[in-house]
Amino acid sequence: MKKGIIYLCFMLGGTTVFAQSKGLPELIQGILQHSPALKGQRNLIKMGQVRTQIQESYAKPVIGAEVGVTRLDPVSKASFAMGPGAPTVLQFQPNMNYNSQFVANHVLYDWKRNTMAIEKTRLETQLSEAQVAQQEFLMAYQVASLVQQIGYSRKAIAVQKAQLARLNDHFKVIQKQLALGEVIEFEQVSQQVKMANQESKIVELENQVARLVDYVSTLLGADAEAYLLASMVPVAAAGSDPMNPEITSLKAQEEIIKKDIELSKMANTPTLAGFASLGVKNGFVPRLNGVTPPFSDDFKLNSMLGVKLSIPIYSGKRASYQTELATIQQERVGFQLADAQEKLGSEFRQARLNFDNYAKKSTTQKQVVSQAQYALELANTRFKQGLIRRIELEQSESILEEAQLMQAQFDYLVSLQQLELLRITGVKIW
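Residues numbered from 1 in each chain as written. Predicted model: local features only at pLDDT ≥ 70, side-chain atom pairs only at ≥ 80, totals over all residues. Heavy atoms only, no water.

**Details of the overall build of the chain**
Phase 1 of the analysis: The helix and strand inventory of the chain stands at 9 helices and 9 strands.
Phase 2 of the analysis: Its C-alpha atoms give the chain a radius of gyration of 41 Å, more than 25% over the compact-globule value 22 Å for 430 residues.
Phase 3 of the analysis: Dimensions of the chain along its principal axes, counting C-alpha atoms only, are 160 × 45 × 35 Å.
Phase 4 of the analysis: Each of the 430 residues in the chain was classed as buried or not, and the buried ones make up 37%.
Phase 5 of the analysis: Taking as baseline every contact in the chain between residues at least 6 positions apart, the subset at least 24 positions apart corresponds to 84%.
Phase 6 of the analysis: When the accessible surface of the chain is totalled, it reaches about 25,700 Å², and 57% of it is carbon and sulfur.
Phase 7 of the analysis: Computing the positive centroid from 46 side-chain charges and the negative centroid from 41, the chain places the two 7 Å apart. (Helix = DSSP H or I, 4+ residues; strand = E, 2+ residues; numbered from the N terminus. Rg over C-alpha atoms; globule rule 2.2 N^0.38 Å. Buried < 20%, exposed > 50% of the residue type's maximum accessible area, 1.4 Å probe, protein only. Contact = heavy atoms within 4.5 Å. Areas by Shrake-Rupley, 256 points an atom, 1.4 Å probe, with all protein chains shown as cover. Lys, Arg positive; Asp, Glu negative; His and termini not counted. Charge placed at Lys NZ, Arg CZ, Asp CG, Glu CD.)

Okay, structure coming up:
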């Protein structure tokens, strides 16, 4: 593919990459900005960025507040005979238990599992960006092809109108000759039929152009006619190291799967976490004979601080199965990447052969058009001198028309193959 890019750069240096006069890049940019479908896809990028922020939040402590009231019945009591009279009852826990506290939990060390999970979410966001870029890329080249088709159709219309103008001139001559009795009425009717057929061709082409322009305008969300000028100029290609977006997307998928494999291999690593709480609760002073102690004595500030090491021991080989699954997915994406590279290489070679073929035909056809124009000039001169019949003059005109239409078609095919070469190599044209 690198050799192909070098060839393409050399080729574009000696030929013209056709696009509408200073309109195609701006037209494509406007369509990409307006497209509701692409706007929806771009939201996937924002969602990926939020997922990364969510994953990053797992590395931060979790702090919460708890407030609770619990009624217990019955509770443990002890009776003591302290002398004559009723025994003394000692209640170790109140019936009404009040508790309020702040609680904090924080993962101190997880052997970089969360760090790798954050990297994975970032890679997933990059994949979304690559997929959006791929859709933008394909839409841009579809628009460029439509613009080329409009340009070709308008050239064909210009050729048809030139021929119609010649038919009109002949019709005026025939009318004069008919008035002088030099030709029969059949000549006039025959010429009118030719003119009507030519007008029908022009109307059909104009309707086709109108439909294409309307479609492009719909994509743009505004009138696209201002971007569709008749003149052709080279496209300014953006980017110094192009790569087909399909390859970029597959490589992004490959990076995500590699990260999946790393994560699955670390599924059985332990987690060291710390926890702490600080709050106020009652029940620190036992109840004597059911008497509730003063608030300042009953409610006390309490705290707790600790660490916990969680060690996975057995999970039914789940981690190894996940690693195996990710490895299979990696092989699948590798095969897709190799297949895409082979197809793009084949498409590039085919497009290059087509371009060379159409370029040669276009060069040859230019000579044919020049010869047809010269032949028509001779035919006009000979016709005025009465050396040839009108039918021979009309044959010369038809030959020129066909040659000009063929020239426009070859130019159109050359421009399409140039776009195809740029698309395969991943060159931006906007």
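**Digging into the sheet that holds strand β9 (residues 300–310)**
Phase 1 of the analysis: One open sheet accounts for 4 strands, arranged β2-β5-β7-β9; its pairing is antiparallel. The outermost strands of the open sheet, each flanked by one partner alone, are β2 (62–71) and β9. Geometrically, the sheet is characterised by an average inter-axis angle of 20° between neighbouring strands, direction not taken into account. (Pairing = 2+ DSSP bridges. Axes fitted to C-alpha atoms, helices over the stretch in contact; angles between N-to-C directions.)

**Digging into the pattern of salt bridges**
Phase 1 of the analysis: Tallied over the entire structure, the rule returns 15 salt bridges.
Phase 2 of the analysis: The salt bridge involving Lys258 is made with Glu255; its shortest N-O contact spans 3.7 Å. Residue Lys258 and its partner Glu255 are located together in helix α6 (residues 245–265), separated by 3 residues, close to a single helical turn.
Phase 3 of the analysis: The partner of Glu262 in a salt bridge is Lys259, with the nearest N and O atoms 3.5 Å apart. Within this pair, Glu262 and its partner Lys259 are both found in helix α6, separated by 3 residues, close to a single helical turn.
Phase 4 of the analysis: Overlapping salt bridges bring together Glu119, Lys259 and Glu262 as one network. (Salt bridge = Lys/Arg side-chain N within 4 Å of Asp/Glu carboxyl O.)

**So, the sheet that holds strand β8 (residues 287–288)**
Phase 1 of the analysis: Ordered by their spatial adjacency, 3 strands build an open sheet running β3-β4-β8, and the pairing between neighbours is antiparallel. The open sheet is flanked by β3 (77–80) and β8, the only strands paired with a single partner.
Phase 2 of the analysis: One ladder, built from 2 bridges, connects strand β4 (residues 88–91) with β8; its direction is antiparallel. Note on β8: the bridge partner recorded for Gln91 is Arg287.

**Some details on a nonpolar patch on the surface**
Phase 1 of the analysis: Taken together, the side chains of Leu108, Tyr109, Trp111, Val307, Leu309, Ile311, Ile313 and Tyr314 present a nonpolar region at the surface, about 940 Å² in accessible area.
Phase 2 of the analysis: At the level of elements, β5 (96–109) and β9 are the ones that each hand at least two residues to the nonpolar patch.
Phase 3 of the analysis: By secondary structure assignment, the location of Leu108 is in strand β5. (Patch = residues over 30% accessible without salt bridge, like charges linked within 9 Å, V, L, I, M, F, W, Y side chains within 5 Å.)

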